[in-house]
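Here is what each chain is made of, one letter per residue.
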Amino acid sequence: MENTVPTDSQLIAEIRDGSADALEELVSRYESRVYSLAYRMLGNKEDAEDVLQDTFLNVVRSIDGFKSQSSFSTWLYRVAANAALTKLRQKSKREKSEGEFLDEVYSVREATHSESSMVDWSDGPADRLLNEEARQVMEEAITELPEKYRIVFVLRDVEGMPAAEVAKALDLSIPAVKSRLHRARLYLRNRLSHYYTGETV
Amino acid sequence: MDCREIFEGLSEYIDEELADKTCREIESHLKDCDNCRVVVNTLRKTVTLYREVPAPEIPGDVRTRLHAVIRLRGETG
């Protein structure tokens, strides 16, 4: 017999029948993605591990409630996003208040039609744009985003999920996803501009 | 369209999700506005840079503990 890789739905059916091997396989299939999402949301290994375990324990607990007609990965991302947001709310916050965040985002809009010219750092050398220190700045900047913007940015731009999937996973409309994504990107752009050029916008 | 009017649509512009007409309006503004061009270039670069950062890999010990926790749960639950 041909050795084919079981689909998610096949594994889920086996898990419901009590197969520990199927569960092991499903966890192995998605653990890296969940860990990456959790790490990006929380910014450290310990919290990311808690979120990872909470996510899969919740999956085990509620697998019977999963409707097979929807995509397992979207459902999993929803569980993972909720676990990450719950963890984040227990932590002391690095994130900006929404007011500070929006002020910073819209300072760019004001700067575009001011007299002073903005600096374009986008064609800088790759070793400068993506060296170790720059990565550190990028990682820190994500943790400053208010959580509702952070989760959208991480799912859409870092994990590469389509906007429609992000909307489903977070119970948001697609325009809401796009608007939050835009603001998150603008904030991060400001942080990188400041780092690369010393300019504030 | 002026700087303020195109501002909200710049991510969708970068993602190529706008209708042709809006796209052309933005492009005609960008031709004459250095600052908005800088915002578009650096915004696009920001997105690219974040996509280029390698995903944090799951450490071996974290993975081992995850599987132990799940196995235990599978047996008792």
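Each remark here, short or long, concerns the structure printed above.
Residues numbered from 1 in each chain as written. Chains lettered and ligands numbered in written order. Predicted model: local features only at pLDDT ≥ 70, side-chain atom pairs only at ≥ 80, totals over all residues. Heavy atoms only, no water.

J.: I tried to follow the overall build of chain B on my own but got confused; where do I start?
T.: Across its full length, chain B holds five helices and zero strands. Counting helices and strands in the order they occur from the N terminus, chain B gives α-α-α-α-α. For chain B, whose C-alpha radius of gyration is 22 Å, the value lies well above the compact-globule estimate of 11 Å for 77 residues. Across its three principal directions, the C-alpha atoms of chain B cover 65 × 25 × 20 Å. Across chain B, the fraction of contacts at a sequence separation of at least 24, relative to all contacts at a separation of at least 6, is 52%. Here chain B has roughly 4,300 Å² of accessible surface; of this, 46% comes from carbon and sulfur atoms. Distance between charge centroids for chain B: 7 Å, based on 12 positive and 16 negative side chains. (Helix = DSSP H or I, 4+ residues; strand = E, 2+ residues; numbered from the N terminus. Rg over C-alpha atoms; globule rule 2.2 N^0.38 Å. Contact = heavy atoms within 4.5 Å. Areas by Shrake-Rupley, 256 points an atom, 1.4 Å probe, with all protein chains shown as cover. Lys, Arg positive; Asp, Glu negative; His and termini not counted. Charge placed at Lys NZ, Arg CZ, Asp CG, Glu CD.)

J.: Any chance you could explain the overall build of chain A here in plain terms?
T.: A count of helices and strands for chain A gives ten helices and zero strands. Listed N to C, the secondary structure of chain A is α-α-α-α-α-α-α-α-α-α in terms of helices and strands. Each principal axis of the C-alpha distribution contributes one length, and for chain A these read about 70 × 35 × 30 Å. A burial count over chain A gives 49% of its 201 residues as buried. Across chain A, every contact between residues at least 6 apart in sequence was considered, and the portion connecting residues at least 24 apart equals 67%. When the accessible surface of chain A is summed, it comes to about 9,500 Å², and 46% of that surface belongs to carbon and sulfur atoms. Distance between charge centres in chain A, computed from 27 positive and 35 negative side chains, equals 5 Å. (Buried < 20%, exposed > 50% of the residue type's maximum accessible area, 1.4 Å probe, protein only.)

J.: Is there a simple way to think about unusual backbone geometry in this case?
T.: Apart from glycine, the bulk of residues carry a negative phi angle, and the bulk of peptide bonds sit in the trans form. The backbone of Asp 171 of chain A shows a phi angle near 55°, a positive value even though the residue is not glycine. Its location among the elements puts Asp 171 of chain A in the loop between helix H9 (163-170) and helix H10 (174-197). Positive phi outside glycine occurs at Glu 16 of chain B, with the angle close to 55°. Its location among the elements puts Glu 16 of chain B in the loop between helix H2 (10-14) and helix H3 (20-32). Accessibility expressed as a relative area gives 71% for Glu 16 of chain B, which makes it exposed.

J.: Can you help me understand the packing of helix H2 (residues 20-42) of chain A against helix H4 (residues 72-90) of chain A in this one?
T.: Helices that pack against each other are described as a pair by the angle of their axes relative to one another and the distance between those axes. Residue and element names in this part refer to chain A. Two elements in contact, H2 and H4, have axes whose closest approach is 10 Å; the angle formed by their N-to-C orientations is 35°. When you trace H2 past H4, the crossing you get is right-handed. Residues Leu 26, Tyr 30, Arg 33, Val 34, Leu 37, Met 41 and Leu 42 of H2 form the contact with H4, whose own contacting residues are Phe 72, Ser 73, Leu 76, Tyr 77, Ala 80, Ala 81, Ala 84, Leu 85, Lys 87 and Leu 88. Class assignment for the residues of the contact of H2 with H4 results in 14 nonpolar, one polar and two charged. (Axes fitted to C-alpha atoms, helices over the stretch in contact; angles between N-to-C directions. Left-handed = near helix turned anticlockwise from the far one by under 90°. Nonpolar A, V, L, I, M, F, W, Y, C, P; charged D, E, K, R; others polar.)

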